Structure formats: C-alpha cells, structure tokens
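Reading the structure
Take a look at the letters that make up each chain.
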Amino acid sequence: MWRVRQAAVACEVCQSLVKHSSGTKGSLPLQKLHLVSRSIYHTHHPTLKLQRPQLRMSLQQFSSLTSLPLRKLKLSPVKYGYQPHRNFWPARLAARLLKLRYLILGSAVGGGYTAKKTFDQWKDMIPDLSDYKWIVPDIVWEIDEYIDLEKIRKALPNSEDLAKLAPDFDKIAESLSLLKDFFTTGSPGETAFRATDPGSESDKRYRKGLLGELILLQQQIQEHEEEARRAAGQYSTSYAQQKRKVSDKEKIDQLQEELLHTQLKYQRILERLEKENKELRKLVLQKDDKGIHHRKLKKSLIDMYSEVLDVLSDYDASYNTQDHLPRVVVVGDQSAGKTSVLEMIAQARIFPRGSGEMMTRSPVKVTLSEGPHHVALFKDSSREFDLTKEEDLAALRHEIELRMRKNVKEGCTVSPETISLNVKGPGLQRMVLVDLPGVINTVTSGMAPDTKETIFSISKAYMQNPNAIILCIQDGSVDAERSIVTDLVSQMDPHGRRTIFVLTKVDLAEKNVTSPSRIQQIIEGKLFPMKALGYFAVVTGKGNSSESIEAIRDYEEEFFQNSKLLKTSMLKAHQVTTRNLSLAVSDCFWKMVRESVEQQADSFKATRFNLETEWKNNYPRLRELDRNELFEKAKNEILDEVISLSQVTPKHWEEILQQSLWERVSTHVIENIYLPAAQTMNSGTFNTTVDIKLKQWTDKQLPNKAVEVAWETLQEEFSRFMTEPKGKEHDDIFDKLKEAVKEESIKRHKWNDFAEDSLRVIQHNALEDRSISDKQQWDAAIYFMEEALQARLKDTENAIENMVGPDWKKRWLYWKNRTQEQCVHNETKNELEKMLKCNEEHPAYLASDEITTVRKNLESRGVEVDPSLIKDTWHQVYRRHFLKTALNHCNLCRRGFYYYQRHFVDSELECNDVVLFWRIQRMLAITANTLRQQLTNTEVRRLEKNVKEVLEDFAEDSEKKVKLLTGKRVQLAEDLKKVREIQEKLDAFIEALHQEK
C-alpha cells in the first residue's frame with residue numbers, strides 16, 4: 001500500500017512540473033521534460049519498472065537566448081515514505097559533469113547568437129558597393145576563362161590531408177555520447193539513480209545544490225550577453241563616429257581609385273595573357289601550315305560564312321528570296337572615322353586615305369579570320385598582301401582604290417558593287433564587316449547630282465536586313481546636332497535592338513567640349529533620337545595618317561587611363577577602347593548568326609523546291625543548264641561551224657571570189673579604163689592608154705580591192721554557216737551570242753600584210769599578157785565583154801528613164817505622168833538624139849557652140865533649159881549610144897580571132913577591146929585562185945584563232961554573257977543553280993557551327 005501511495009505522489013509531482021512549466025501550454029510528453037525530471041522514477045512510463053517518489057516543484061524553463069531576469073524556483077513539498085538511507089558518490093560526480101555540460105553548451109549558444117547579431121549590425125552599417133560593380137573589369141568575372149583553376153585545385157592538399165590536421169571529432173562525439181548515456185534510460189548512471197534513496201538527506205542536499213548551480217550558470221550567461229551588447233554598442237558608436245568623419249565623396253574617390261588600380265592591374269594581366277595566347281596560336285597555326293604531311297586544312301567558320309555571302313551578293317535578290325544573313329554594316333557621316341575604326345579592328349592600315357575627300361566610293365566587305373600570318377587577299381585574286389610590310393600595304397591601298405574607280409560608272413560618284421576582301425591574322429576577331437560610303441549632307445563640286453540619294457539608297461539596302469548589325473559611327477569632335485546618320489539609323493532600327501553606337505575622336509571631344517557631361521549624354525544616347533544595343537567610345541589616333549596601329553592603340557589606352565571621363569564614372573571600363581568594341585561586335589555578330597542562319601537555310605530550301613517545280617512544268621525535256629554551261633555548249637557549236645569553212649570546195653571559193661571581185665572593179669574598168677581608151681582614134685593609142693591605166697590601177701587600188709573582196713567573201717561564208725538553221729537541233733537561245741562572236745571576230749581579223757605585195761606582182765604579170773591561145777578563150781572574152789556592156793547599157797537606160805519619165809505605154813497602161821523637170825529632160829534628150837543621128841562619130845564631149853545651139857532650139861519651142869542640164873542629159877545619151885555601138889562591134893569581132901592571130905594586118909577590123917576584156921578576165925581568174933589559196937591555207941585558221949580568243953574573252957566577261965544569253969529559261973536555270981549552291985554552303989556552315997558549339 002505504501003508503494004501505491006508513493007506512486008500517486010510521484011504522478012502529482014510530474015503533473016505539477018508540466019502544468020507550472022513557463023513557456024509551455026498543455027501537457028508535454030515525458031521525453032520533452034527536463035533532464036532532471038526524466039531521471040526521476042515514474043510509474044506511468046512504460047520503460048520504468050522501479051517506483052520511487054518524485055519531487056513536486058514548479059520549474060521555469062530558461063534559456064541563454066532570453067533576457068528576462070531569473071525567477072526564484074520554489075520547491076513543492078514532497079512527502080517521503082519509508083526508504084533506507086544511502087550515500088552514493090557517483091551522483092555527485094555526475095552533477096559536476098552536468099554543470100560543465102551546461103556551461104559549455106550555454107556559452108556556445110549565447111556567444112553564437114551575440115556574434116550573429118553583432119555581425120548583422122556591422123553589415124547594415126557597411127555601404128552597398130553593388131552600384132560600383134561596373135568599375136571592376138569584365139576580366140575579373142571571367143578570370144576562370146584565362147586562369148586554369150583546375151590546376152590550382154589540384155595543387156592544393158586534398159580533404160584527407162586537411163582532415164589529419166583537424167581534431168578527432170569522432171572521439172569527441174564518442175565521449176559526449178558516453179556522458180549522455182550516463183544520464184539516459186537504461187544507462188549505468190540511470191541505474192545508479194534508481195538505486196538512490198529519494199527520501200535520504202543526501203539526495204535532498206544534492207537537489208538543492210543542483211538547482212543553485214543552474215541559477216548561477218544562467219546568471220553567468222546573462223552577464224556575458226550584457227558584456228557582448230555593451231561591446232557591440234561601443235563598436236557601433238565608434239564606427240558611426242568614424243563614418244561621420246569620412247565624407248561620402250572621399251570614400252567614393254578612394255573606392256574609385258582602388259578599383260581603377262585593380263582595373264589597370266587586371267588589364268595588364270589580360271594584355272600579357274592575350275599576347276602569350278596570340279604567340280601560341282601563331283606557332284600552332286604555323287606548325288599546322290608547315291607540317292610534315294601538308295594535310296589539307298578545313299575552312300574556318302568565318303571563311304565558309306563569307307563564301308555564302310559572296311554567292312548571295314551575286315544572287316538576284318529581286319526573286320522571292322532575300323538575303324537576310326547577318327553582317328556588320330559600318331555606317332557614319334563622311335570623315336567620321338568609319339574607316340579608321342575598321343582598320344583598328346583589322347589591325348592594319350588597309351584603306352585609301354584622304355583629307356576631307358570621299359575615299360570610300362563603293363561598299364567593301366571585309367572578312368576577318370584568324371591565321372598564322374597577317375595577310376590580305378581579294379576574293380577574285382590569288383595574290384597575298386603581307387600587312388606587316390609597308391610596301392604591300394601601299395600596294396593593297398592602291399589596288400582597293402583602283403577597284404573602286406573601276407566599279408564607279410561614268411557620270412557617277414559612288415557604286416553599289418561590292419569589293420570583297422579577306423584579312424587573316426593572329427588574334428583577329430572573326431566577323432564580316434561592310435564599310436559603306438560616308439553619308440553626306442551636301443553635294444559638292446565634282447560629284448554627280450544624285451550622289452547623296454545613291455549613298456542613302458546603298459545604306460538603306462544594307463540596313464534593311466533585319467539581321468544586320470548596324471555599327472553607327474559618330475564623330476565626337478563635332479556637334480551632335482550636325483549628325484545625319486543617326487536619323488537614318490533610327491529609321492532602320494527604331495528600337496535599337498541591333499545597333500551599336502560608337503563615338504570616335506573622344507580625345508578631341510574632351511578638349512573641346514566645355515561640359516563633360518555632354519559626352520556622357522552622347523554615349524547614353526540622350527542627345528539622339530536613336531536607341532542602341534551598346535555604346536562605346538574610342539580613339540583612332542592623333543590625326544596623322546602615318547601612325548601605326550600599335551602606336552594608335554598605345555595612345556588610346558594611355559588616354560583612357562588618364563581621362564576624366566573614366567575617373568568621374570561618365571564612361572564605364574567596358575565601353576572604351578577598340579579592343580572592347582571588337583570583342584562586343586564579334587559576340588553580337590555570332591549571336592545573330594546562330595539565331596538566324598537556320599531560318600535562312602529553311603527559306604532557301606523552300607525557294608529551291610519552287611524553282612525545281614517551275615522547271616519541271618515548263619521545260620520537262622531539257623537539262624538544267626545555267627549560263628556558263630550554255631555558253632560552253634554554244635562555244636563548241638561555233639567552233640564546229642568555223643571548222644566547216646575548211647570543207648568549202650576550191651571551185652566554190654574561186655567562183656564567188658571572181659564574181660565578187662568583178663562586181664567591185666567593173667565600174668572602174670569600164671568608166672576609167674575602157675571608155676577613155678575607146679575615144680582614141682587608132683589602135684596604138686588605145687593600147688597605150690589601156691596599158692598606162694592598168695599599170696596605175698594595179699599599183700594603187702587593185703590588190704587592196706582584191707583583199708577586201710576576199711575578206712568579205714570569207715565573212716559572208718562564215719556568217720552563212722553561223723546563221724544557217726540546223727533543223728530540230730537548232731537552239732535560238734544562242735543566236736545573239738553567235739552574232740556577237742561573228743562581229744567581234746571579223747573586227748579583230750586582219751588579212752596578212754604580205755598578201756597584197758605578192759598579189760600585186762601576180763596581177764601585174766597577168767595584165768601584161770596579151771596572147772590569147774585559142775578560139776575558146778576568144779569567145780569567152782567576147783561573151784564576158786557583152787555581159788559587161790549589156791549590164792552597163794541596162795543601167796544607162798534605167799537612168800535615162802528616170803530622167804525623162806515614163807514613156808507613152810506606161811502613161812496609158814499605168815496612168816503615170818511626167819513631171820515638169822522630166823518633160824524638160826525629155827525635150828533635151830530628143831534634141832541631142834537628133835544631133836547624134838546627124839553625126840554618129842561624134843566625140844564624147846559637147847562643144848560650147850553645140851550647147852548653145854541645143855539651148856536655142858529648145859527655147860524656140862518654149863523650153864527653158866540650163867547648160868548643166870544639157871551636159872547631164874548628153875552624158876547618158878552618148879553613153880547609151882556608145883554601148884550600143886560597142887555591142888555591135890562585139891558581134892563583128894566574133895569572127896576576128898583569125899585577124900587577131902595575124903595582128904589585124906590587112907584588115908579593117910580591130911578588136912583591141914576584146915583583148916582588153918580577156919586580160920581583165922584572166923586577171924580575175926588568177927587573182928581568185930591566189931585568194932582562194934590564201935583563204936584555205938592561212939586566213940581560215942587565223943579566223944578560227946580569233947574566234948577562240950573572242951570566246952575566251954566572252955567567257956571571262958560575266959556582263960557580256962548576261963547580255964547575250966537571256967531569257968526565262970536561262971534565268972530560271974541560273975537561279976536554281978545559285979539557290980542550290982547557297983543551300984549547300986549554308987548546310988555545311990550550320991554543320992560546322994554545331995560541331996564547334
């Protein structure tokens with residue numbers, strides 16, 4: 001019974017502890033009670049088997065984190081039952097250890113809290129330096145890219161070595177766990193407590209001493225907290241006093257000075273690393289370029305991309321697909337420093353220079369890439385210019401100037417045709433830049449009137465590309481209000497999503513501008529309507545064109561190190577120097593390329609599909625031949641036709657040569673040789689006159705006329721072969737080309753100069769021969785003479801008919817009438833015919849009295865005539881009379897061969913005129929034979945050679961081919977070829993881009 005009563009009392013003590021515990025509400029489980037309470041025997045706990053009475057007391061929970069004063073603990077009266085008296089010394093030892101544990105844990109908790117609170121107060125008093133983060137250069141945040149942190153990490157000792165230096169936390173934890181087990185359930189310490197008599201006097205004194213030690217421990221903790229607060233307050237007061245002593249301006253200046261020193265330090269480190277990296281890259285590239293196996297290097301990304309742009313520049317953008325691939329477009333006012341900025345990026349003085357004169361007359365596409373040597377070369381040339389040598393630089397500038405002037409057409413100042421230049425060198429940033437002509441405000445003397453509009457149209461054409469990066473160059477030494485290019489850029493890119501603004505000549509601006517904040521407003525874009533993705537300030541030299549790139553870079557860095565713009569925070573460190581500008585432009589360029597190149601590739605795929613479908617529908621049976629392939633096909637056809645000239649028979653050559661030559665010389669023979677000689681009175685005078693005139697004709701005119709006839713004959717035959725239709729195989733798309741080749745070949749071809757000399761001797765010998773060997777030749781000469789005279793007689797009668805008008809038959813049948821002048825000519829003709837009937841042997845010329853007689857006779861009939869009209873009419877009337885007489889004489893000479901063999905001795909018949917025509921006929925035959933030999937042996941081959949040269953020249957002239965090979969079929973095949981080429985190059989570039997990524 002006494003054990004039951006003791007258990008009830010123990011329950012009351014526990015319940016009293018739970019109810020009167022401050023800071024807790026409701027009932028707490030046994031595990032949450034204080035360590036002293038858990039160590040007391042409890043009947044309701046399932047793990048306890050022994051029963052002992054417990055103390056009934058009201059405890060207040062305390063902590064080292066509270067600042068409330070400690071209340072005195074009141075012990076509840078405890079009724080003790082019967083218990084044997086025992087003295088247990090390990091309990092006292094446990095009490096001492098318990099005191100030590102509370103002292104250590106309480107001090108750690110209180111000190112940690114105080115330290116944290118003090119640190120938070122100090123942290124609040126320190127100023128926020130995040131606004132000055134921009135002063136630290138970007139290299140600090142990207143230092144891991146230039147310093148191999150992995151090597152540093154490997155050089156440091158590993159965690160196992162560091163663990164050996166640290167204390168053995170396992171042993172400490174093991175000791176604490178032993179101490180904890182000493183006071184927990186089931187431990188030897190708990191068994192000792194269970195064996196203790198709760199009703200003994202020693203146990204009572206032990207509890208009182210334990211409570212006193214707890215009170216003392218809490219007081220000590222509070223004293224430490226008060227001391228920590230006083231120390232923190234004193235430190236805060238002293239820090240606030242010190243903070244008030246130092247003004248904000250001095251503190252900012254001090255911080256800026258420190259950050260500038262830090263920036264310069266890291267800038268020097270960066271320069272040293274870049275220099276070392278540049279040298280290493282150069283060595284690697286040289287080793288790769290001069291390797292043992294000389295393996296073929298793959299094209300770099302930027303070279304592949306530049307090739308795509310070159311093909312696109314030749315592509316007709318007026319078709320469905322437009323060129324939207326990125327490139328960096330450099331625009332600015334004239335003399336704003338565009339070319340200088342581009343040269344600083346390319347690290348070479350590669351462009352022509354002039355003071356105030358427009359030097360950039362056409363767009364120049366510059367492809368920058370990395371290579372072992374600093375060289376430049378044009379797209380259409382294999383010559384490399386060494387940019388480290390001044391003579392090569394001068395030659396490159398001269399070549400660029402010549403190409404610009406060649407592109408500019410007559411009457412123009414600028415040209416939209418692009419000059420493509422590749423620049424390679426170690427350390428160059430990979431990108432494609434296009435330098436455009438400077439924007440002008442006024443057209444000066446010497447410029448074309450439309451120069452300003454042409455420059456605007458060229459600039460807009462490049463800036464309208466939604467993926468083009470606009471590098472807007474503004475001269476900082478002139479007033480911002482005078483800028484023209486900023487308005488143009490703001491129209492093309494109003495939101496500034498692809499524009500980079502560059503302020504040049506900042507050194508002059510800092511000297512001349514009275515308010516430095518104005519430069520800051522320019523950099524921040526507050527003085528212009530345009531917006532930009534980034535703002536930069538650069539210095540491109542002192543204005544001396546002979547300065548080297550290294551000297552300009554040193555001057556630029558020195559200027560910005562000492563510039564007030566940087567020290568006064570008007571400019572940020574990453575916004576200055578062309579080095580930072582080139583890095584930013586390159587990053588922006590490649591970002592734009594990666595974002596847009598695949599979209600452009602897809603658009604070209606769609607274009608290719610449309611073109612292929614159109615070709616299949618319109619030309620299903622024809623092969624897709626572009627302009628170059630069609631030219632090669634036409635070239636082969638033309639050469640085949642030239643070779644066909646050698647298949648012309650000699651007989652055909654001689655016939656057409658003889659006929660053409662007689663048509664050319666017949667007028668001279670009859671009018672200047674035969675007719676004057678026929679007016680003589682005897683045969684001796686006739687032959688003498690003929691020989692003299694033939695000799696003069698042979699020496700001066702005849703060989704040249706013969707060569708002309710031969711060349712015209714060759715031209716006619718060549719044209720006949722070129723223009724002759726070939727049936728179904730004929731393709732009219734080549735007609736214009738063949739005609740142009742024929743004309744150009746004929747223009748270039750010249751007959752051999754020695755041919756006339758040899759021909760002159762042959763013709764002179766042929767005309768000196770008077771011996772007709774047989775009757776057949778005699779009859780042939782008479783036939784030749786009759787044909788010639790009849791042709792002249794017919795021409796004479798036609799001339800007379802035109803002079804006098806239609807005869808009575810035509811007037812009655814065709815209702816035609818004579819004019820007044822024709823009536824006068826008719827009356828004059830009738831009067832002159834009467835005179836000839838009276839004297840058939842009348843000489844060729846009228847005497848003055850005869851002209852007077854004719855005029856008076858006509859006046860008597862009421863016809864007024866002029867003496868010159870009488871002479872003109874007499875010339876035609878007498879000519880007809882003479883030709884009829886000569887034809888009658890030919891009929892008489894048909895039987896005169898016999899008299900000719902006897903030299904017309906004892907004969908009234910003289911046929912010297914027949915001998916003359918035989919000599920002419922024989923000369924024509926010999927000349928035709930000689931010319932035929934020259935044609936077949938020499939001139940046809942020379943013509944073939946000229947045709948080949950013309951075709952080669954046309955093959956190199958793209959404009960000529962475009963002009964001569966035209967039509968929908970040609971244009972469609974050309975577009976299809978270019979789109980395929982662009983797509984293939986784009987696919988290869990995208991694949992290489994993904995591999996690099």
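Rules and cut-offs
Residues numbered from 1 in each chain as written. Predicted model: local features only at pLDDT ≥ 70, side-chain atom pairs only at ≥ 80, totals over all residues. Heavy atoms only, no water. UniProt positions renumbered as here; feature names shortened; annotations may be inferred. Phe/Tyr/Trp six-rings, centres within 6.5 Å; stacked < 30°, edge-to-face > 60°. Buried < 20%, exposed > 50% of the residue type's maximum accessible area, 1.4 Å probe, protein only. Lys NZ or Arg CZ within 6 Å of the ring centre and 35° of its normal. Patch = residues over 30% accessible without salt bridge, like charges linked within 9 Å, V, L, I, M, F, W, Y side chains within 5 Å. Areas by Shrake-Rupley, 256 points an atom, 1.4 Å probe, with all protein chains shown as cover. Salt bridge = Lys/Arg side-chain N within 4 Å of Asp/Glu carboxyl O. Lys, Arg positive; Asp, Glu negative; His and termini not counted. Charge placed at Lys NZ, Arg CZ, Asp CG, Glu CD. Helix = DSSP H or I, 4+ residues; strand = E, 2+ residues; numbered from the N terminus. Axes fitted to C-alpha atoms, helices over the stretch in contact; angles between N-to-C directions. Parallel < 35°, antiparallel > 145°, perpendicular 65-115°, else oblique. Left-handed = near helix turned anticlockwise from the far one by under 90°. Contact = heavy atoms within 4.5 Å. pLDDT = per-residue confidence, 0-100. Pairing = 2+ DSSP bridges. Disulfide = S-S within 2.5 Å. Core = buried A, V, L, I, M, F, W, Y, C linked by side-chain atoms within 4.5 Å.

Per an unreviewed UniProt entry, the protein goes by Dynamin-like GTPase OPA1, mitochondrial and derives from Bos indicus x Bos taurus. The record held by UniProt for the protein lists under Subunit (unreviewed entry) the comment "Oligomeric complex consisting of membrane-bound and soluble forms of OPA1. Interacts with RCC1L; RCC1L acts as a guanine nucleotide exchange factor (GEF) for OPA1 by exchanging bound GDP for free GTP. Interacts with CHCHD3 and IMMT; these interactions occur preferentially with soluble OPA1 forms. Interacts with PRELID1." Per UniProt, the protein carries the Catalytic activity (unreviewed entry) text "GTP + H2O = GDP + phosphate + H(+)".

Right, let's get into the packing of aromatic side chains. Summed over all chains, the structure comprises 16 aromatic pairs. An angle of 90° between the planes, with centres 6.1 Å apart, marks the rings of Phe378 and Phe385 as edge-to-face. We classify Phe378 as buried; its relative accessible area is 2%. Assessed through its relative accessible area of 3%, Phe385 is described here as buried. One aromatic cluster is present, formed by Trp662, Tyr674, Phe784, Phe882 and Phe917 through successive ring pairs. The ring centre of Phe721 lies 4.7 Å from the NZ or CZ of Arg720, which sits over that ring.

Before going further, it helps to spend a moment on a positive patch on the surface. Taken together, the side chains of Lys736, Lys747, Lys960 and Lys963 define a basic patch exposed on the protein surface. At the level of elements, helix 26 (735-748) and helix 35 (958-964) are the ones that each hand at least two residues to the positive patch. Of note, Lys747 is situated in helix 26. Residue Lys747 is classed as exposed on the basis of its relative accessible area of 64%.

Bringing the packing of helix 24 (residues 683-700) against helix 27 (residues 753-768) into the picture now. Each packed pair of helices is defined by two parameters, the angle between the axes and the distance between the axes. Where helix 24 contacts helix 27, the two axes come as close as 9 Å, and the packing angle between them is 165°. The angle between helix 24 and helix 27 places the two elements in the roughly antiparallel class. Handedness of the crossing formed by helix 24 with helix 27: right-handed. Seen from helix 24, the contacting residues are Leu694, Lys695, Thr698 and Asp699; seen from helix 27, they are Arg760, Gln763, His764 and Leu767.

Where helix 24 meets helix 34 (residues 912-956), the axes come as close as 10 Å, and the angle between the chain directions of the two elements is 20°. Relative to helix 34, the element helix 24 is oriented roughly parallel. Where helix 24 crosses over helix 34, the handedness of that crossing is right-handed. Residues Ser683, Phe686, Asn687, Val690, Asp691, Leu694 and Trp697 of helix 24 touch helix 34, and the partners they reach there are Asn912, Asp913, Leu916, Arg919, Ile920 and Met923.

To continue, consider the UniProt feature "coiled-coil region" (unreviewed entry) in the protein. Look at the UniProt record and you will see "coiled-coil region" (unreviewed entry) annotated at residues 207-290 and 933-960. Spanning residues 933-960, this segment combines 96% helix with 0% strand, and its end C-alpha atoms are found 36 Å apart.

Let us now look at the confidence of the model for the protein. Looking at the protein, pLDDT values average 75 and 69% of them are 70 or higher. Scored below 50 in pLDDT, residues 290-297 shows three contacts in the model against residues more than four places distant or in partner chains. This stretch, residues 316-321, has a pLDDT under 50; its non-local contacts, to residues over four places away or in other chains, come to 12 contacts.

The buried fraction of strand 4 (residues 364-369) amounts to six of the six residues, a majority that puts the element mostly inside the structure. Residues Val364, Val366 and Leu368 of strand 4 are buried on one face, and the alternating residues Lys365, Thr367 and Ser369, pointing to the opposite face, are buried as well. Both strand 4 and strand 7 (residues 419-424) contribute to a ladder of six bridges, which runs parallel. Each bridged residue has a counterpart across the sheet, and for Ser369 the counterpart in strand 7 is Lys424.

Our focus in this paragraph is unusual backbone geometry. The phi torsion of most residues other than glycine is negative, and most of the peptide bonds are trans. The phi dihedral of Gln347 is positive, around 60°, even though this residue is not glycine. Inspection of the secondary structure assignment puts Gln347 in the loop between helix 13 (338-346) and strand 4. Gln347 gets classed as partly exposed once you look at its relative accessible area, which sits at 23%.

When you line up the elements, Thr578 lands in helix 21 (residues 578-618). With relative accessibility at 4%, the residue Thr578 sits in the buried group.

Oppositely charged side chains can pair when the atoms bearing their charge come close. Inspection of the entire model under this criterion finds 40 salt bridges. The partner of Glu637 in a salt bridge is Lys738, and the shortest N-O contact between them spans 3.3 Å. With Glu637 in helix 22 (residues 627-643) and Lys738 in helix 26, the pair connects residues that are 101 residues apart, well separated along the chain. For Lys738, a relative accessible area of 4% corresponds to the buried category. The salt bridge involving Glu786 is made with Arg894; its shortest N-O contact spans 2.3 Å. With Glu786 in helix 28 (residues 775-804) and Arg894 in the loop between helix 32 (867-892) and helix 33 (897-901), this pair connects stretches of sequence that are 108 residues apart. Residue classification places Glu786 among the buried positions, given a relative accessible area of 10%.

Strands sit in the order 6-5-7-4-8-3-9-10-11 across an open sheet of nine strands; the sheet is mixed. The open sheet has two edge strands, strand 6 (385-386) and strand 11 (534-537), and neither has a second partner. Sheet analysis places strand 10 (residues 499-504) next to strand 11, joined by four bridges and oriented parallel. Directly across from Ile500, in strand 11, lies its bridge partner Gly534. Docked against the sheet, helix 13 engages strand 3 (328-332), strand 4, strand 7, strand 8 (431-435), strand 9 (469-475) and strand 10, running at close to 160° with respect to strand 8.

A separate point is the state of the cysteines. Applying the stated criterion across every chain yields a total of one disulfide. What pairs with Cys893 in a disulfide is Cys911, and their sulfur atoms sit 2.1 Å apart. Torsion about the S-S bond of the Cys893 and Cys911 cystine: about -100°, corresponding to left-handed handedness. Placement of Cys893 in the loop between helix 32 and helix 33 and of Cys911 in the loop between helix 33 and helix 34 is noted, with a sequence separation of 18 residues between them. What makes Cys893 buried here is its relative accessible area of 0%.

The next point concerns the nonpolar core. Among the nonpolar cores identified, the biggest contains 102 residues, and Trp662, Tyr674, Trp697, Trp778, Ile920 and Val947 are the most heavily contacted of them. The element best represented in this core is helix 34, accounting for 17 residues. Leaving out residues up to four positions away in the same chain, Ile920 has contacts with Trp662, Val669, Leu694, Trp697, Leu767 and Phe784. One finds Phe378, Ile500, Val593 and Trp615 within the second-largest nonpolar core, a separate group that totals 67 residues.

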